[in-house]
Amino acid sequence: MASRSLSRLALVAAGTLLAPLLGSSATAQPADTPVFWRVPATAAQAAALTNAGFDVEEGDAGSVYVVGGKAVAAQLQGLGYRPSFYDTVYKELPAQANSLAADTFYGGYRTVTAHEAHLTSVAAAHPDLATKYTIGQSWKKQQGQGGHDIQAICLTKKQTGDCTLSTTSKKPKFFLMAQIHARELSTGELAWRWIDYLADGYATDATAKSILDTTEVWVVPISNPDGVDIVASGGNSPKLQRKNANNTRGGCSGTNIGIDLNRNSTFKWGGDSNSPCAETYQGTSAGSEPEVKALETLARSIYPDQRGTGNNDPAPTSAKGTMITLHSYGNDIIIPWGFTQSTSPNDAQYRKLGAKYAASNGYLVGTNEETVGYDTSGTTDDFTYGELGVASVTFEVGGSSGTCGGFLPRYTCVDSTFWPKNKGALITAAKAAAAPYQQ
């Protein structure tokens, strides 16, 4: 694979070649504004581009989408690829975008500070239902550079022993986590709405009451707070930070710094990128990042180990607990395994459970190979299923293009599209926690 570096002359020449490939939406953007480029590429070429530091995302048949401005497209052309404009990254903002409430950005998305205040207010307003936990620290806080605590909330109608860090408490548990990839903005907002639906709805909504009377619901709305701070620092042009803020490896700059927290978990770690500036950089060792340690410690603290150690050891039909990790984009429900193209020993049961989720959101149910088209090692859902036997899946929220597509959909899409589609799926996950493999 050739180097990403091109001479200034080559960039100018490549930029000239790009002119006929750019649609009007692309040419209207400043040269450094990132867009999605459609790039015909094999799986091997996609992996090489990722390792070279390009921001490579799920594409369509025979192609991937690469995020970047015109200079990135010029680099791709210089390497022999044929990028064509696919879609904008930034969506049109509402007219009132500059007069929004404090602690919001890009049309209404909430900052980490707002999410922290939200959990505090929910716990204070509903002491009979909500318990807030600090489960760890972000990388920056651990380094004494500011940062945040990693916060979780447990929701249930409290009886003795409920919402404690115990693997033997009576109620089954549903664990929802969001925004482990910082730039996937809709996911934290969905977690916010899920919390409010249960806590505020308990008194008036029969379904919310039934869930909290029988189930513990655990939520980590912001799993990567340092990364979200970086994203929000861009204001109405959010920065495209995916990873955490660990800047100690590789001399990376801008949004290339960090470790991909969804490649750093301790179960089957080691099959992703060793290039520090790559978006899927897995870190120096399994579970090296404090955010991952916090998430795994929480999972081990609330779920018993219900599965054997072999890849082909199924979780028993008596196993309890569900888990969803929210990502964007793709309109997918991804079932294990991620680290291999082999199906999990609970594959048939996962497909039945996934179909129940899809009855609400209409997403495609399948393995990585059947959905995004690439393997993923060291992921959180492989960990909770592989280590603990919890019925764990990834939701990829939203399409690849349009106003409600990509990483940065218009904020109004959360209430117009994402929440209505996924509310029922989250309800299904909570109801299934008592017997997920018997659906």
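Structure: above.
Residues numbered from 1 in each chain as written. Predicted model: local features only at pLDDT ≥ 70, side-chain atom pairs only at ≥ 80, totals over all residues. Heavy atoms only, no water.

Visitor: It is not clear to me how the sheet that holds strand β4 (residues 84-88) should be interpreted in this structure. Could you clarify?
Guide: The strands making up a sheet associate through hydrogen bonds between their backbones, and the pairing can be parallel or antiparallel. With respect to topology, four strands assemble into an open sheet ordered β2-β3-β1-β4, the strand pairing being antiparallel. Edge positions in the sheet fall to β2 (55-57) and β4, since each of these pairs with one other strand and no more. Adjacent strand axes in the sheet meet at a mean angle of 35°, parallel and antiparallel pairs treated alike. Note: strand β1 (residues 35-40) against strand β3 (residues 63-68), six bridges, orientation antiparallel. Each bridged residue has a counterpart across the sheet, and for valine 35 the counterpart in β3 is glycine 68. Along the sheet face, helix α4 (residues 70-78) touches β1 and β3 and points at about 135° away from the line of β3. (Pairing = 2+ DSSP bridges. Helix = DSSP H or I, 4+ residues; strand = E, 2+ residues; numbered from the N terminus. Axes fitted to C-alpha atoms, helices over the stretch in contact; angles between N-to-C directions. Contact = heavy atoms within 4.5 Å.)

Visitor: Would you mind showing me how to read the pattern of salt bridges here?
Guide: Note on pairing: side chains with opposite charge can pair once their charged atoms come close. Under the criterion given, the structure shown has 17 salt bridges. Between lysine 209 and aspartate 213 there is a salt bridge whose closest N-O contact spans 2.8 Å. Of the two residues, lysine 209 and aspartate 213 both sit in helix α8 (residues 206-214), four residues apart, roughly one turn of that helix. Lysine 209 sits in the partly exposed class, given a relative accessible area of 37%. A residue is classified by how much of its surface remains accessible, and aspartate 213, at 30% relative accessible area, is partly exposed. The partner of glutamate 370 in a salt bridge is arginine 351, and the shortest N-O contact between them spans 3.1 Å. Separated by 19 residues along the polypeptide, glutamate 370 in the loop between β13 (364-366) and α12 (380-388) and arginine 351 in helix α11 (residues 347-361) bring together distant segments of the chain. By relative accessible area, glutamate 370 is classed as partly exposed at 41%. Take arginine 351: its relative accessible area is 27%, and that puts it in the partly exposed class. Here the salt bridges do not stand alone but share partners, grouping Arg110, Glu189, Arg193 and Asp415 into one network. (Salt bridge = Lys/Arg side-chain N within 4 Å of Asp/Glu carboxyl O. Buried < 20%, exposed > 50% of the residue type's maximum accessible area, 1.4 Å probe, protein only.)

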